[in-house]
Amino acid sequence: MDTLPDLGRFHHQGSAQIHPVILSGGSGTRLWPLSRAAYPKQLLKLVSDRTLLQDTVTRGLLDVGFASPLVVCNAEHRFLVGEQLEEIGVKPQALLLEPLARNTGPAIATAALWLLRHDPDALMLVQPSDHVIASLPEFHRAVMQGMAAASAGRLVTFGIKPSRPDTGYGYIQAGPALEGTDGVLDVERFVEKPDHDTARRFVDSGTFYWNSGIFLLGARAYLDELASINPAMLEASRDALDAARSEEGCLLLDRDAFGRAPSLSIDHAVMEHTENAAVVPVDMAWNDVGSWPSLHGVAAADTDGNVIQGDVIQDGVSNSYLRSEGRLLAAVGVDGITVVATDDAVLVAGPDSAGAVSRIVERLRRENRSEPLRHSTCHRPWGKYRTVDAGDRFQVKHITVKPGAKLSLQKHYHRAEHWVVVRGTAIVQCGEDRQLLHENQSVYIPVGTEHRLENPGKLTLELIEVQSGDYLGEDDIVRLSDSYGRA
């Protein structure tokens, strides 16, 4: 990976021709159990000391031709996304929040509509937030190559020079070079993921490229094409933005309007139908890290072909990906497998089982299990909590509250709670009573009592919460007041 500079100085809004539009709405089911609906792969540190989202954002900070990013994300992830941007010193132009998933076509449409209200000549560099690009100079070179065509109304995509006949990617067949451009080709057609023999013919022909899912588009040009090809999507996206409401520095799209947008990718909504598509071939060490084998392929392996992360001991293991997020993982005498251990699930998979992981996730969803949705550690805008133990009529959590943060004023109809402070200082409101608790002090919250927890100090507050009652679900929270707009 290219070395990135200190990003602390990149706080300005910028005024540039290219506006990075970062799409952060995916769920990454094939990277379960690490990636889950409430904490998907783009928010994880998978290939560097930054998350995939952070790596994506920082690609635009090395060149003065980029404005601050515009980020489109799931409304449920807004605090996580905002926190990760703050960690690297980036202030986005805006955070557009999707109230439900409608694929990339509507997401890009709302971003384009928002940008046109601020820059009538906006060029969008649309990027998924969960891809790896190891050669940033090649990436920037390709973007510069595509600028003239995009400025002239072409919808430019970036085609990855294929290194093998891979059936996991869509393909782009390139045509002749566009007149007056350097390295920009016309697009003959887009092709869905092929079988192996077809993929080999594509690679051998020399005219096909992997579809990277990265685009350089004039905001107006994209919307004009959408108006012609899929007007219902444009109308729903415009209505969703017009009726959006501001929440904690974000813009929440209207749910009813956005739900009317056809759930289509930009490829299906526009690119496969337009006559204005163009492609810039590029070799930038790109990978969509869409599965454990692909992640194995981009990580640094040892002399036995193993990628090992976390508390792992192995003997006689080769060509394997072994990762533990906490507990000791021991592997002996295996070859070509993936083992990923979290504190509530363990995945053991063979080398050709990438698609099967998604089927496991779908099965868990059908059985209404929590493992596809969230980790035992759940992140909140005020901090996080981890479920330590649970049983019939009780649940134990380890709660961490950031300095200066406070939970909502709330009550529960079905459970009582005991709080024990183990580190830091807490202000606890319980009914009409308000008290200061220090380490080793505790408080009891009866069923139905209004209460609130606050960390008034400069150090992290930690406490143990013991819940008891006939129902312990998270939906038994009645928020009466909230600092984060969730009441």
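Residues numbered from 1 in each chain as written. Predicted model: local features only at pLDDT ≥ 70, side-chain atom pairs only at ≥ 80, totals over all residues. Heavy atoms only, no water.

## Focus on the overall build of the chain
Defined as follows: By the criteria applied, helices consist of DSSP H or I runs no shorter than four residues and strands consist of E runs no shorter than two, each listed in order from the N terminus. Throughout, the radius of gyration refers to the C-alpha atoms, and the reference size of a globule is 2.2 Å times the residue count to the power 0.38. Accessibility here uses a 1.4 Å probe with only protein chains present; expressed as a share of the type maximum, an area under 20% marks a residue as buried, one over 50% as exposed, and anything in between as partly exposed. By the convention used here, residues are in contact when the closest approach between their heavy atoms is within 4.5 Å. Only four residue types enter the tally: Lys and Arg on the positive side, Asp and Glu on the negative side; His and the chain ends are excluded. Think of each charge as sitting on NZ of Lys, CZ of Arg, CG of Asp or CD of Glu.
A count of helices and strands for the chain gives 11 helices and 30 strands. For 487 residues, the compact-globule formula gives about 23 Å, and the C-alpha radius of gyration of the chain, at 24 Å, lands near that figure. With respect to the principal axes defined by its C-alpha atoms, the chain has extents near 75 × 60 × 45 Å. Per-residue burial for the chain yields a buried fraction of 53% across its 487 residues. The contacts in the chain between residues at least 6 apart in sequence include a share of 69% that link residues at least 24 apart. Positive and negative charge centroids in the chain, built from 47 and 64 side chains respectively, lie 3 Å apart.

## Here we look at the pattern of salt bridges
As a reminder, the rule being used: A pair is scored as a salt bridge if a Lys or Arg side-chain nitrogen falls within 4 Å of a carboxyl oxygen belonging to Asp or Glu.
Scanning the entire structure with this criterion turns up 17 salt bridges. Between R323 and E325 there is a salt bridge, and its shortest N-O distance comes to 2.9 Å. The salt bridge partner of E417 is R415, with a shortest N-O separation of 3.0 Å. What emerges from the salt-bridge pattern is a single network uniting R78, R245 and E247.

## Quick notes on unusual backbone geometry
W32 connects to P33 through a cis peptide bond whose omega is 10°. One can find P33 in the loop between strand 1 (18-24) and helix 1 (52-58). The phi dihedral of N103 falls on the positive side, at around 75°, and the residue is not glycine. Within the secondary structure, N103 is located in the loop between strand 3 (94-98) and helix 3 (104-116). Given a relative accessible area of 38%, N103 falls into the partly exposed group. With a phi angle near 30°, V289 is a residue other than glycine that sits in the positive phi range. With respect to the helices and strands, V289 occurs in the loop between strand 13 (286-287) and helix 10 (292-298). We classify V289 as buried; its relative accessible area is 0%.

## Digging into the side chain of T110
Mapped onto the elements of the fold, T110 is located in helix 3. Apart from the residues within four sequence positions on either side, T110 is in contact with L96, S237, L241, L253 and F258.

## Some words on helix 4 (residues 136-151)
Formally: Each residue after the first adds 1.5 Å to the expected span of a helix. Across the chain, bend at a residue is computed as the angle between axes fitted to the seven residues ending at that point and the seven starting from it.
Helix length check: helix 4 (16 residues) gives 22 Å between terminal C-alpha atoms against 22 Å at 1.5 Å per residue, within 8%. Of all bends in helix 4, the biggest is about 30°, found at Q145. Taken together, the buried positions of helix 4 are L136, F139, H140, A142, V143, Q145, G146, M147, A149 and A150. Against strand 1, strand 4 (123-128), strand 5 (132-133), strand 6 (155-160), strand 9 (208-218) and strand 12 (277-282) lie the buried residues of helix 4. Following helix 4 by one or two positions, G153 has its phi on the positive side, about 105°.

## Looking at the nonpolar core
Where we set the bar: What we call a nonpolar core is a set of buried Ala, Val, Leu, Ile, Met, Phe, Trp, Tyr and Cys residues that are connected through their side-chain atoms within 4.5 Å.
In terms of nonpolar packing, the biggest core is built from 45 residues, with V21, M124, L217 and Y222 touching the most fellow members. Broken down by element, the residue count for this core peaks at 8 residues, all from helix 3. Beyond its immediate sequence surroundings of up to four residues, Y222 is in contact with G105, I108, A109, A112, M124, L155, L217, I266 and V270. Grouped together as the second largest cluster of nonpolar side chains are 37 residues, L31, V81, V90 and V361 included.

## Some points on the confidence of the model for the chain
If pLDDT is low for a region, its predicted coordinates should not be looked at in detail. Put simply, the test is: Confidence scores per residue from the predictor, reported as pLDDT, run from 0 to 100.
Overall, the predicted model of the chain reaches an average pLDDT of 92, with 96% of residues at or above 70. Segment residues 1-16: pLDDT under 50, and 36 contacts once partners within four positions in sequence are set aside and those in other chains are kept.

## Here's the deal with the packing of aromatic side chains
Stated precisely, the cut-off is as follows: Two rings from Phe, Tyr or Trp (for Trp, the six-membered ring) form a pair when their centres sit within 6.5 Å of each other. Planes less than 30 degrees apart are called stacked, planes more than 60 degrees apart edge-to-face, and all others tilted.
Counted under the stated rule, the structure contains 7 aromatic pairs. On the numbers, 5.1 Å between centres and 55° between planes, the contact of Y169 with W286 is tilted. Note that Y169 is positioned in the loop between strand 6 and strand 7 (171-177) and W286 in strand 13, a separation of 117 residues in sequence. Across the pair, exposure class does not vary: Y169 and W286 are buried alike. Ring centres of W292 and Y321 lie 5.4 Å apart, and the angle between their planes is 40°; this geometry places the pair in the tilted category. Here W292, found in helix 10, pairs with Y321, found in strand 16 (residues 321-324); they are 29 residues apart in sequence, far enough to count as distant.

## Quick look at the side chain of T51
The condition is simple: Pairs of N or O atoms are called polar contacts if they sit within 3.5 Å, as long as, within protein, a hydrogen donor faces a hydrogen acceptor (for residues adjacent in sequence, only side-chain-to-side-chain pairs).
Position of T51 relative to the elements: it lies in the loop between strand 1 and helix 1. At a separation of 2.7 Å, a polar atom in the side chain of T51 contacts the side chain of Q84.

## Some points on the packing of helix 6 (residues 219-229) against helix 7 (residues 231-242)
To keep things clear, this is the line we draw: Note on geometry: axes are lines fitted to C-alpha atoms, helical ones only across the stretch in contact, with angles between N-to-C directions running from 0 to 180 degrees. Angle categories: roughly parallel below 35 degrees, roughly antiparallel above 145, roughly perpendicular from 65 to 115, and oblique for all the rest. Note on residue classes: Ala, Val, Leu, Ile, Met, Phe, Trp, Tyr, Cys and Pro are nonpolar, Asp, Glu, Lys and Arg are charged, and everything else, Gly too, is polar.
Two numbers describe how helix 6 lies on helix 7: the axes approach to 5 Å, and their chain directions differ by 125°. What the angle tells us is that helix 6 and helix 7 run oblique. Within the contact between the two elements, helix 6 uses L223, L226, A227, S228 and I229 and helix 7 uses P231, M233 and L234. Grouping the constituent residues of the contact of helix 6 with helix 7 by class yields 7 nonpolar, 1 polar and no charged.

## So, the layout of surface pockets
Rules: Using only the protein atoms, space was sampled on a 1 Å grid; points where a 1.4 Å probe fits but cannot get out form cavities, open sets with protein on both sides within 12 Å along at least five of seven lines form pockets, and lining residues are those with an atom within 4 Å of a point. Grid points are joined across faces, edges and corners, and a volume is the space filled by probe spheres set on the points.
Roughly 1,400 Å³ of volume is contained in the second largest pocket. Contributing to the lining of the second largest pocket are 48 residues, with N103, T104, D130, H131 and S265 lying nearest its centre. Secondary-structure elements contributing two or more residues to the lining of the second largest pocket are strand 1, strand 2 (70-74), helix 3, strand 4, strand 8 (185-191), strand 9 and helix 9 (266-271). Ranked by the residues each element gives to the lining of the second largest pocket, the list is headed by strand 9, at 4 residues. By residue class, the composition of the lining of the second largest pocket is 16 nonpolar, 22 polar and 10 charged.

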